[in-house]
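# A closer look at the structure
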Amino acid sequence: MSATPAAVSGWCTFRVAGRLCGLDVTRVQEVLRPQPVTPLPLAPPAVRGLLNLRGRIVPAVDLRAVLGLPAPEAAAPAGHLVVFDGDSPVSLLVDAIGDVRRSGDCALVPVPHTLEGPARDLIAGAVPLPDDLLLALDLDRILERAFAGAGADPTTGRPPRPAGGTR
């Protein structure tokens, strides 16, 4: 469901473990300051819990866990990126919220060969910037990995969502 990198109109940027990352801005519903997250017993390891988004229950995914990065030394993430996976919103916990970069200002290049580890498969490409390297994440792969082990819905093939969310 991800747009091809050439079709992306812009990147919503954020930081995770010091890395500058971006998602297709059309898939980002909103950005929130830190919010309380209720733990969800028996959830996949990357699902930190549930977020009450104006009465709607939304799973909160720890992006560090999905990317295979160590937990932060500070207790709480700095913000939530609420993304839309096509059926329902999902919150991604990030360390810092950035800005929006138009894709016309930045060209996507293949993932650097020096980037190794479990995160490599989750990156659609990189955007060299004058002062940093933006890693363009593949949202569909991120969510697929986050909910892996939760058991797929046999009718849709998608991972189940917690009760209270809509599909």
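Residues numbered from 1 in each chain as written. Predicted model: local features only at pLDDT ≥ 70, side-chain atom pairs only at ≥ 80, totals over all residues. Heavy atoms only, no water.

### Overview of the nonpolar core
In this structure, Phe14, Leu23, Leu63, Leu67, Leu92 and Leu137 are the most contacted members of the largest nonpolar core, which totals 30 residues. Elements with a contribution of two residues or more to this core: β1 (10–16), β2 (19–24), α1 (63–67), β6 (79–84), β7 (89–94), β9 (123–128), β10 (133–137) and α2 (139–146). At four residues, the largest contribution of residues to this core is made by α2. Residues contacting Leu23, with those up to four places away along its chain left out, are Gly10, Trp11, Cys12, Phe14, Val28, Leu81, Val83, Leu92, Leu137 and Leu139. (Core = buried A, V, L, I, M, F, W, Y, C linked by side-chain atoms within 4.5 Å. Buried < 20%, exposed > 50% of the residue type's maximum accessible area, 1.4 Å probe, protein only. Helix = DSSP H or I, 4+ residues; strand = E, 2+ residues; numbered from the N terminus. Contact = heavy atoms within 4.5 Å.)

### Things to note about the environment of Val61
Of note, Val61 is situated in strand β5 (residues 56–62). The exposure class of Val61 is buried, given its relative accessible area of 0%. With 81 residues separating them along the chain, Val61 and Ile142 place their C-alpha atoms 9.5 Å apart.

### A short note on the sheet that holds strand β3 (residues 28–32)
Within the open sheet, the five strands sit side by side as β3-β6-β7-β5-β4. Their pairing is mixed. One side of each edge strand has no neighbouring strand; the edge strands of this open sheet are β3 and β4 (47–53). Each adjacent strand pair in this sheet contributes to an overall mean axis angle of 30 degrees, direction not counted. The sheet contact formed by β6 and β7 spans six bridges and is antiparallel. (Pairing = 2+ DSSP bridges. Axes fitted to C-alpha atoms, helices over the stretch in contact; angles between N-to-C directions.)

### A word on the confidence of the model for the protein
Mean pLDDT over the protein stands at 83; residues scoring 70 or higher make up 81%. Summarising per-element confidence for the protein, the mean pLDDT is lowest in strand β8 (residues 96–102) (91) and highest in β7 (96). This stretch, residues 152–158, has a pLDDT under 50; its non-local contacts, to residues over four places away or in other chains, come to twelve contacts. Note that pLDDT drops below 50 for residues 162–167; the model gives that stretch 16 contacts with residues more than four away or on any other chain. (pLDDT = per-residue confidence, 0-100.)

### Structural notes on the side chain of Arg64
With respect to the element layout, Arg64 can be found in helix α1. Taking the relative accessible area as the measure of exposure, Arg64 reaches 12% and is therefore buried. In this structure Arg64 touches Val16, Ala17, Leu69, Pro70, Ala71, Pro72 and Asp95, once residues within four positions along its chain are discounted.

### Brief notes about the sheet that holds β1
Taken together, five strands build an open sheet; the order of strands is β8-β1-β2-β10-β9 and the sheet is mixed. The open sheet terminates on both sides in strands that have one partner only, identified here as β8 and β9. Across the sheet, the axes of successive neighbouring strands diverge by a mean angle of 30 degrees, strand direction being ignored. Direction of pairing for β2 relative to β10: parallel, over a ladder of two bridges. Opposite Cys21, over in β10, you have Leu135 as the bridge partner.

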